[in-house]
Structure formats: C-alpha cells, structure tokens
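# Examining the three-dimensional arrangement
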Amino acid sequence: MKDVILGLVGVGRIGVMHANNIAALNGVLNPEGINVRLRLTDVAADHARTVAAGLGAEFLPSVEALLDSGLDGLVIATGTATHPELIRAGVDAGIPVFCEKPVALNVADAMPVLDYIRDRQGVVQIGHQRRFDAGYLEARRAYQAGELGWIHSLRAVTCDMAPPPVEFLASSGGLFRDCSVHDFDILRWLTGREIVEVYARGSNNGDPAIGEVGDVDTALALVTFDDGTVGTVSASRYNGAGHDVRLEIQGSRRSLMVGLDDKTAMASAEAGVGFPSGEPHRTFAERFDQAYRSEMEAFVELILGRRDNPCTPEDAVAASRVADAAQESLATGVPVRVAQKVAR
C-alpha cells in the first residue's frame, strides 16, 4: 500500500472541512492501494491539536516543521494574505500545492507568484470547487457536445443565506472578489471564452456596517464575452430562503439550469406547483459537499500523476481579473474593460 502524506496549513472553517475530506479519502482510494495520511498545523495550536486528535492526524507546531516532515502535497486553507508566502514555500519544497482561492489579495500581488511558480516548474491547484460539481460538469459536457446549440444568455446566481462577519468583509476585497469570483471562473471554464467587459451595480439594504467597511450586500454585473455573448452575475449576502447557487444557460437548441433541484432555495408562485419540496441548503459547504470531496480526491490524483491540473493559478487569476473589473465598475458606475487575458 502506498502512503500519500498531505500537510494542511490552517484549520479554520474551510480547513476543518478539508481535513475531514482528506481523512475520508481512504474510503475512496484504499481499493487502489492508496493510504492518505494527514499532518496539520495552525497558529491556534490548541484547536489544531484537537482537530488532529479527532481525525487521527498528526499535529506539528509550525509550517516549517510541517514541510520538513516529508510531505507529498501541501494544502493551504489560511487567510488570503498568507497565500503567496505559503505557495512559494510549498513550491520550494518541491511538492504539489493545493491553495484555496484566490492566489493573492489582488491580481497585482498574484502576478509575481505566478512567475515564481512558472520559474520553478511548480504544481499548484487552486480551489474552485464548482468545477467538480455534478451539475456544472453536465452543463459543460452538454455545451461542448453541441446539445445546447449556441449560447445566447447566461445567468449566474450566488446568494448566501446570511452575511459573514463584518471583520471578514473588511478585508475580503468586496462581494465580487470573495463571492462572485466563483461565477466568473465557472463561466470561463464552461464556455471556454473570456469575459472582456463588466458593468456592475450594487446596493446596501442590510447591515449598515457592511457599507461602512466599503462593501455592498447585493450586486449585479452584466458581463460581455469575447464573442459578444452577454450574461449576468448576481450575488447577495441576505437570501433568507437559503443558500442559492444556480446557473442558467440558454442555447439556440436547449436550455439547462445548474442547481435546480428539490433543495433550490425558492418557491413557485403558481397554483398547484409543489416543486421544490425539499429543505434548502443553508451554507456553501452543504451545497458543494460532494464537490469539495471530489476536489481533494483530484489533488491526490494530481500528486500521483494520474490527471492534469484541474484549476491552474493562471485560471484563478483570470477569474480574479474579472472580479477586479467588476469592483472597479461598482465603484465608478461605468463599464470596465477586463485587463489583458491570462493564458490557460
């Protein structure tokens, strides 16, 4: 049996989720003779020790100790400001790296990181988990197979049931950067086209503190692709009906909607319609539970050389460029051209 040793930095909400998913990989990969072992660290040492003990993982006191312990891969689930330094450390250690999005706080800070990775031929997968969601995968397959015809409209929605702490929003970069960037990524990934212009508007009708830290609680962006196709990307912090993530793709032959199932966070106003009848998702972790699991399985497969990188740093930065343009448009009130393309 082959051991694959993963090191995890950061055991906050996302980190604990990844830790649990890594621990569960043995049930998925053991038939192939793969034994995944987890080592982790966090500046909140007592909490990290508790997480490690609950999962049968090993706690190490620092990132340096973690990297010196002999890892096959590094998983980064810390705050965005730490991503560049930790990515560089993983690349220097000569191991594949998985890092939650984004690469850095902004595109300008991300560009030297991309150069660093390229210069050292590093392998870095960025966490855009929607690429592993069954609905998005089917929509992409159907489009690429020609079943939808040509796309005339796209409508992407991401709505949280409740906002995160204002302290997080004060440093998140804005609603388009910390939330809608997932939609910008998936639109590029699904269509294979670049978004070249964004026109954004936003509002604040919830907690005034969100506006006080420079963010909005609801926003809409009109996006234009390089072939002239148009779409909309909408987001909100206050969707009391539940966590709502959908993508409507309308084609000349057929239309599809990702995220339309019994847990969709809405109700029909039409008489006699009982759909959807299920309990809506309350969080992104619920909505994308299986996608997150598949994402970490893909990282192990990347380490083993069994698959190509499913989300490169260049992909992530390309989505961030669109988010930057959306934030600029939101601030200025005028359409903004997206900065130069990033190669896939």
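These numbers were taken from a predicted model, which means no experiment stands behind them.

Reading guide: rules and limits
Residue numbering note: each chain is counted from 1, following its sequence as written. Confidence filtering applies because this is a predicted model: local features only for residues at pLDDT of at least 70, side-chain atom pairs given and counted only at 80 or more, and all residues used for totals across whole chains, interfaces and linings. As a rule here, side-chain values cover all heavy atoms of the structure and leave hydrogens and water aside. Buried residues are those whose accessible area, probed at 1.4 Å on protein chains only, stays under 20% of the maximum for their type, while exposed residues exceed 50% and partly exposed ones sit between those limits. Helix and strand definitions follow DSSP, with helices as H or I runs of at least four residues and strands as E runs of at least two, each counted in order from the N terminus. Whether two strands pair comes down to DSSP finding at least two bridges between them. With axes taken as lines fitted to C-alpha atoms, and helix axes fitted only over the stretch in contact, angles between N-to-C directions fall between 0 and 180 degrees. Any two residues whose heavy atoms approach within 4.5 Å are treated as being in contact. Residues are grouped as follows: nonpolar covers Ala, Val, Leu, Ile, Met, Phe, Trp, Tyr, Cys and Pro; charged covers Asp, Glu, Lys and Arg; every other residue, Gly included, is treated as polar. Working definition of a nonpolar core: buried Ala, Val, Leu, Ile, Met, Phe, Trp, Tyr and Cys residues. They are joined through side-chain atoms within 4.5 Å.

### Details of the pairing of strand β7 (residues 151–159)
Among the 9 residues that make up β7, 7 are buried, leaving the element largely enclosed by the rest of the structure. Pairing of β7 with strand β11 (residues 244–251), which is carried by 8 bridges, proceeds in the antiparallel orientation. Following the sheet pairing, R155 is matched in β11 by E248. Here β7 pairs with strand β10 (residues 230–236) via 7 bridges, running parallel. Directly across from A156, in β10, lies its bridge partner V233.

### Thoughts on the packing of helix α6 (residues 134–144) against helix α8 (residues 175–191)
Contact geometry of α6 with α8 gives a least axis separation of 9 Å together with a crossing angle of 35 degrees. Contact with α6, carried on its side by Y136, L137, A139, R140 and Y143, involves I186, W189, L190 and T191 of α8 and no other residues of that element. For the contact of α6 with α8, the class distribution of residues is 7 nonpolar, 1 polar and 1 charged.

### Describing the sheet that holds β7
Taken together, 7 strands build an open sheet; the order of strands is β12-β11-β7-β10-β9-β8-β13 and the sheet is mixed. With one partner strand each, in any of the chains shown, β12 (255–258) and β13 (336–337) form the two edges of the open sheet. Two strands pair when backbone bridges link them, and strand β8 (residues 195–203) and strand β9 (residues 218–225) are joined in this way by 8 bridges, in the antiparallel orientation. Paired with I195 across the bridge in β9 is F225. Its contacts with the sheet put α6 on β7, β11 and β12, and the angle it makes with β12 is roughly 160 degrees.

### Structural notes on the sheet that holds strand β3 (residues 58–59)
The parallel open sheet is built from 6 strands, whose spatial order is β3-β2-β1-β4-β5-β6. Looking at the sheet topology across the chains shown, the edges are occupied by β3 and β6 (124–127). Along the sheet face, helix α4 (residues 83–92) touches β1 (2–9), β4 (73–76), β5 (97–100) and β6 and points at about 170 degrees away from the line of β5.

### Considerations on the nonpolar core
Counting 45 residues, the largest nonpolar core has Y136, F184, I195, V198, L247 and I249 as the members making the most contacts within it. Looking at this core, the element that brings in the most residues is α8, giving 9 residues. In this structure F184 touches F176, I195, V223, V233, A319, V322, A323 and A326, once residues within four positions along its chain are discounted. Of all hydrophobic cores here, the second largest spans 27 residues; its members include L66, V113, Y116 and C311.

### So, the environment of G278
Summarising the element assignment, G278 is placed in the loop between β12 and α10 (284–287). Residue classification places G278 among the partly exposed positions, given a relative accessible area of 31%. Residues G278 and D262, 16 residues apart in the sequence, show an inter-C-alpha distance of 4.7 Å.

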